[in-house]
Amino acid sequence: MTELQRKLFTRWCRQKLQRRPEIFSRLHDIVTDCSDGLVLAALLEELSEKKCPGKINWEKPETFRIKKVAVCNHALDWCYSFVTDVKLKTSPEDLQDAKEDQILGLVWSIMLRFIKIGDDDDEASSKLNAKDALLMWCQNKCTGYPSITSVDSFKKTSKSPFHNGLALCAIIHKHRPKLIPNMMELTAGDALKNIEIAQDAALKYFGLDKFITPTEVTKLDEASMVVYVAEFYMGISNQRKIDLGARRITKLIRYTKENDRLREEYNKTAKEYKERLVRVEEVLNDRTIDNTMAGAKAKLDGFYNYKEQDKNVLLGNQLDLEALYNNLAMRLSHHHRPEFVPPEGVTLKDVETALSHLEVVEQERSVALHAELNRQIQLAEMAVQHSSIHDSLKKWCLEKEDYLKQRPIIDNVSSAQLQLRLLEAYNKESDNQKATTLAFFTGLGAHLAKEKYEYISDVKAHEEDIQTHYKVLDDLSNKRMPVLKDDLDRETFKQQVLLQFSNLKRRFEILQNQWIAPKEKTLSTFVEVHSVEETNVQLSFLELHNTEKKIMGDSLVAEFKKLAKQILDAKYESQYSCFEFEHTSTKDPVNEYQNPADRQLILDNEKFVDEKWALLEKLALRQKEVLDDHLARETYAADSRIIEANYNNKFKQLQNWVTESKAYLNDREHVHSVHAANTEIFKLNVFKKDLAAALETQVGALFAIGKELLAREFSSEMSKYVYEHTTYQFPNYDVDEVEKRAQIAKNEELVNAEWEEMGKMVGRKMCILEDHLKRETFAVKVRQEGKQHQQMFDKQLKDWIADKEAYLTSRPGIDSIGDAQVQRTLFDQYTQEYTMMDKTSLASFYALCDSVLQAKYTSDLSEYVYEHMKYIEPGYDHHEPELRSALEVNLKFVQEKHEALKNMAANLSQELDDSLALEIRKEKLRLEYAHLSLEYTKWSKETCDSLAIERFGFVLEEVQAYQANITKSTEEIKAKAEAKITEVKGVDSEMQAIGVTKNVYSSISIPDLESANAAALTALQSRNERFNAELKRQIDNDNLCKEFAAVAEPFSKWITEVKNTITGSKDDLETQHSFVCKQIDSLTKDAERLEAIRGWANKIEAAKISHIRHTTLTMKDVDVQWTQFQKFLNAKRTMLDTEIQNAKLRGITEQQMKEIEANFKQFDKNNDNLLDRKEFTGCLYSLGEERTGREIAELMKQVGDAKGMVSDAAFKEFMVHVFGDADTADEIGNALMLINHGEKVAVHDRMEPVLPPEDVTYFEQTAPKSGDGWDYTAWIASMFAR
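Computed from a predicted structure; not experimentally measured. (Residues numbered from 1 in each chain as written. Predicted model: local features only at pLDDT ≥ 70, side-chain atom pairs only at ≥ 80, totals over all residues. Heavy atoms only, no water.)

1. Describing the pairing of strand E10 (residues 862-865)
So, step 1. Only one face of E10 is buried, namely the one carrying Ser862 and Tyr864, since none of Glu863 and Val865 on the opposite face is buried.
So, step 2. Here three bridges tie strand E9 (residues 856-858) to E10, and the two strands are oriented antiparallel to one another. Each bridged residue has a counterpart across the sheet, and for Lys856 the counterpart in E10 is Val865.
So, step 3. Once E9 ends, the chain turns through three residues before running back antiparallel as E10.
So, step 4. Between the antiparallel neighbours E10 and strand E11 (residues 868-871) lie two residues, among them Glu867 with a positive phi of about 60 degrees. (Buried < 20%, exposed > 50% of the residue type's maximum accessible area, 1.4 Å probe, protein only. Helix = DSSP H or I, 4+ residues; strand = E, 2+ residues; numbered from the N terminus. Pairing = 2+ DSSP bridges.)

2. Remarks on the sheet that holds strand E15 (residues 1241-1242)
So, step 1. Pairing within the open sheet is antiparallel, and its three strands lie in the order E15-E17-E16. The two strands at the open ends of the sheet, each matched to only one other strand, are E15 and strand E16 (1265-1266).
So, step 2. By the bridge criterion, two bridges tie E16 to strand E17 (residues 1269-1271) in an arrangement that is antiparallel. Counterpart to Ser1266 in the pairing with E17 is Gly1269.
So, step 3. Helix H38 (residues 1272-1280) rests against E15 and E17 of the sheet, and its axis sits at about 45 degrees to E17. (Contact = heavy atoms within 4.5 Å. Axes fitted to C-alpha atoms, helices over the stretch in contact; angles between N-to-C directions.)

3. Description of the side chain of Glu463
So, step 1. Relative to the assigned elements, Glu463 resides in helix H17 (residues 456-524).
So, step 2. No salt bridge is formed by the buried Glu463; its nearest oppositely charged neighbour, Lys460, is found at 8.2 Å.
So, step 3. If near-sequence neighbours (up to four positions away) are discounted, Glu463 is found in contact with His386, Phe441, Thr442, Gly445 and Ala446. (Lys, Arg positive; Asp, Glu negative; His and termini not counted. Salt bridge = Lys/Arg side-chain N within 4 Å of Asp/Glu carboxyl O.)

4. Some details on the sheet that holds E11
So, step 1. Read across the open sheet, the four strands follow the order E9-E10-E11-E12; overall the sheet is antiparallel. The two strands at the open ends of the sheet, each matched to only one other strand, are E9 and strand E12 (876-879). With direction set aside, neighbouring strand axes in the sheet form an average angle of 5 degrees.
So, step 2. Pairing between E10 and E11: four bridges, direction antiparallel. Paired with Val865 across the bridge in E11 is His868.

5. Considerations on the pattern of salt bridges
So, step 1. Counted under the stated rule, the structure contains 73 salt bridges.
So, step 2. Close ionic contact of Glu520 with Lys612 constitutes a salt bridge, the shortest N to O distance being 3.1 Å. Residue Glu520 is located in helix H17, and its partner Lys612 is located in helix H19 (residues 596-666); the two are separated by 92 residues in the primary sequence.
So, step 3. For Glu520, a relative accessible area of 21% gives the class partly exposed.
So, step 4. Asp913 is paired through a salt bridge with Arg824; the nearest N and O atoms lie 2.5 Å apart.

6. What about the packing of aromatic side chains?
So, step 1. In total, this model carries 45 aromatic pairs according to the counting rule given.
So, step 2. Arranged with centres 4.6 Å apart and planes meeting at 10 degrees, the rings of Tyr728 and Tyr733 form a pair that is stacked.
So, step 3. Note on Tyr733: relative accessible area 22%, which makes it partly exposed.
So, step 4. Here Phe827 and Tyr830 contribute two aromatic rings whose centre-to-centre distance is 5.9 Å and whose plane-to-plane angle is 40 degrees, an arrangement assigned as tilted. Within this pair, Phe827 and its partner Tyr830 are both found in helix H23 (residues 817-839), separated by three residues, close to a single helical turn. There is no split in this pair, since Phe827 and Tyr830 are both buried.
So, step 5. Members of the aromatic cluster, each reached through a chain of ring pairs, are Tyr205, Phe206, Phe211, Tyr228 and Phe232. (Phe/Tyr/Trp six-rings, centres within 6.5 Å; stacked < 30°, edge-to-face > 60°.)

7. Brief notes about the packing of helix H13 (residues 293-308) against helix H15 (residues 348-405)
So, step 1. The geometry of H13 relative to H15 is characterised by a closest axis approach of 9 Å and an angle of 160 degrees between their N-to-C directions. Comparing the axis directions of H13 and H15 gives the class roughly antiparallel. The element H13 and its partner H15 pack so that their crossing is left-handed. The residues of H15 that touch H13, namely those facing Met293, Ala296, Lys297, Lys299, Leu300, Phe303, Tyr304, Tyr306 and Lys307, are Leu358, Glu362, Arg365, Ser366, Leu369, His370, Glu372, Leu373, Gln376, Ile377 and Ala380.
So, step 2. Looking at the contact of H13 with H15 residue by residue, the classes come out as eleven nonpolar, three polar and six charged. (Parallel < 35°, antiparallel > 145°, perpendicular 65-115°, else oblique. Left-handed = near helix turned anticlockwise from the far one by under 90°. Nonpolar A, V, L, I, M, F, W, Y, C, P; charged D, E, K, R; others polar.)

Structure below.
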């Protein structure tokens, strides 16, 4: 038994010296190893936690006995200062000599002293038996095990739970259930097995070696069992420290992991919140629209779904983040850890700011979505207007297309002008249509396209349809315009040619009737001539004819032929039509007309003129031949007659030479012709000859003359002459004077003259006769011009003047521009003819008149002006004033008519210009009336249509602002209607005033216009009535919105203020909790305000108000806000409940709290909820908190009241501090050092038994490696840094 006791005591001492390795390593047997006194001194230091007084060399033990005894003595003296109740004290020599009983007794006394629970200074506690305290501890640990019926002693009995091992197993199972998993199956009858299980478990649990066998345990007496159980207590106590340290490490790990989890959860929630917020803001900031009514409504529904769903999630995230942050902040603050700083952008302030910004974005989104819905409504209405205009335009296009496809036959200028005017009127109408209705139509379409109207394809289809129709119309118009212009150009050209043809026919008639026929008749008639004078007259007439023919050929005939050629060569050709004289062909429409007879008539007339002109040339040549023969013959005959006269004169001279010669020479004959003058001159010449040869050849000459006269003979193809026997063929003529030839013989005998006297008289007489010849030759020429002048007047000018007077005084009816243009063309032709006549016939006439009237012969002997002749020898003055007067009358007549024709032509020209201007004005008025009336009826219809669909605005301000437009447009429309219809009526009045009776360009009457005007004014009144109704509706709706805002805004603001008050509260948790609960309790009453808001919302819904003015809130917003508010309050209450509970526990578990409460009740013997010092010390001991007397005293000062009592609350607070909040870095370091047996490095084998596997894994994963272990100092620093 002593050996077993020695072993137990050595074991106990070694345990106490584990922190003194220099002593621990030398202690193997408490009896033999205490000889130097160092073991005893070290054991006392560890047990008393005091330094041994005096100087002890711990590093170098004494070797000499005496010195050892001295050390032992010093140690024993210090020992007995603690152990005072020893009856037989051990001496230094007992230690030196290793006396077992004395040494074991000393150790037992020390054991009893230092396993006492009471305070050394407390007399009552000093009497406390350690055995009883140990027994109390064992009873506490064995409670709850059915197999252990009682734990009331350490004595060896048959039922002792210590000796059958059940109590030992229970004590270990209480702390380490896993070490003895079959605890409930153990029985008292299997003691050795039970003890072996307990020893194995103790070895694993707190490293208690099996220094005694199970059999030995069963043999232990009470004291040894106390020591052995004390090993369990001490092992568990030490292990409790290790467990406490392990628990603190576990708590630190779990605390850190929880903090990390909270951080991670905060960051995760923050990330999700941020991602959701970004996603939501992207959606809210997304101003893209799908441009559909359904899309606008869907997005608005989606917006409210967001507010009911995503917004709730975000608010939930906010609450979660707030709870996480507050929980984490509280945990970190309570444990004096660095403050948690959330990632940038997700602090609570950031979250609050973000949600505030989200509210702004929401508002902007709400405004944008309602604006988009209103925009879609407006677009839909514009689309209806666009469709209506499309139908109207299409109807107009189809009507105009039918018109443009018509192809009337155009065969005159008037019809061409009419069709061209109609097309121009259409083009003007079309341009006006494009500039107004079509421009508005395409403007609507462009606006719809710009606004991306959802059915823009229909809009574009309508526009493409109209554009297609307009393209067709433009193509038809563009194709028709050149065709009609070509028709007008062709018909104008054709009309010009036809007028030329009319002119040609008239010229032909003039040529044929007034010139060719008379000239042909004249030239075909051969007149009798009996003298040179008569022949010269006829030659003069022929020469005048030739001159006139040349003039006519160079002018009238040339112009006729030129005109004929122009007509025949005239050709109009284009890509649309072709015209040659009396042959017209068109391609659009296909038509052909020809009249070859007129073309042949021109050719026949031209041929006739050419043939007649050639005939006249031939006849003129024949006349010339005949007259030349007459002239030659008559000249020859005249010479013969002169010779005859000379002969007779000579004969007379011979008869009565002197008398007759003198008488002759003194005689002054009246000479009234060239022939007479020539005769007298010839006579005088003969006389001169006779005079010259009178004396010598008077008789011979007489005979010679007679002979010559009889011998003279003229012969040609056309005539023959011998003295006084003349014959010719043109005309047939044969006259023979035989007696004259007989007379010659008689006359030859009568020659006598007084030659000298007659020679003197010859000179004088010759001068007079030569003057007669000159004067009469001049007079013959003037008389011939006078006759020619009379013939021109009688046969040409008088009739031409009468014809032109008749033309210039006639006034054919003019009813169109074409008629006016035809008359103008005829007048231009007249002007051309007049100009030609002025340059030819009239010029010749005036020249002849001037020549005749200005003609004057003057000499010393005579003078002559037309038909007034005077000469001196003999005295003669013959005047025929009627001839000159007739010529002057003709001249004056022509001059007056010439001037009259000019004036009449000027008047007619002015009248034609006025007529053309009038017709142009009529045409312009017709077109203007057609345009204005059509424009007005169109304006009236468009105004009616526009007024019928006019929008006044979507909100009250817009409608109120539109009032000015209503007033202005009303005045403008009325003024415009009045101005337009007045303008049309003014044009109609002017048309009536200038005689327009028909307007082919318009079928719209003044009554039609008045009906259209009435329709426009009716539509205007209807529009104004609709506006007034809409204004009233907007005012009523606005009042509803105001009423709704008046109740919704304060309610929403109240919710926001309450939330802000709760969220921003700095009060303690209980105060916050009380406020939140108060708000939750009043929710039912607060909901009554919600129903009042809903009442106004129902009225707004009934009024079909899509956007509530005066507030950004809708009923959905209020409902969502209310729902979110309720969720917020409940979530906040739950969060505060959790935080309050966490604050109370401050890191310990509920099971630990229950153990604390149970131990307090167990030691509170009188149930007054108070513990005295002894009870407090025992309770701490039972909870594994073994404290020294000094520590107990200090704790009583801290947690006890003035009476030295510890209350239930104070005890709990202290134990929460001990178990929960007292984990400093040093304590964690001490725990790790304790677990790792003082090493600076943690190793797996030492950590694994005391820490949960997951904590070991976490430690090894997070602590930096150091050799074969882990640097726990660095690990602790990293843990406390977060």
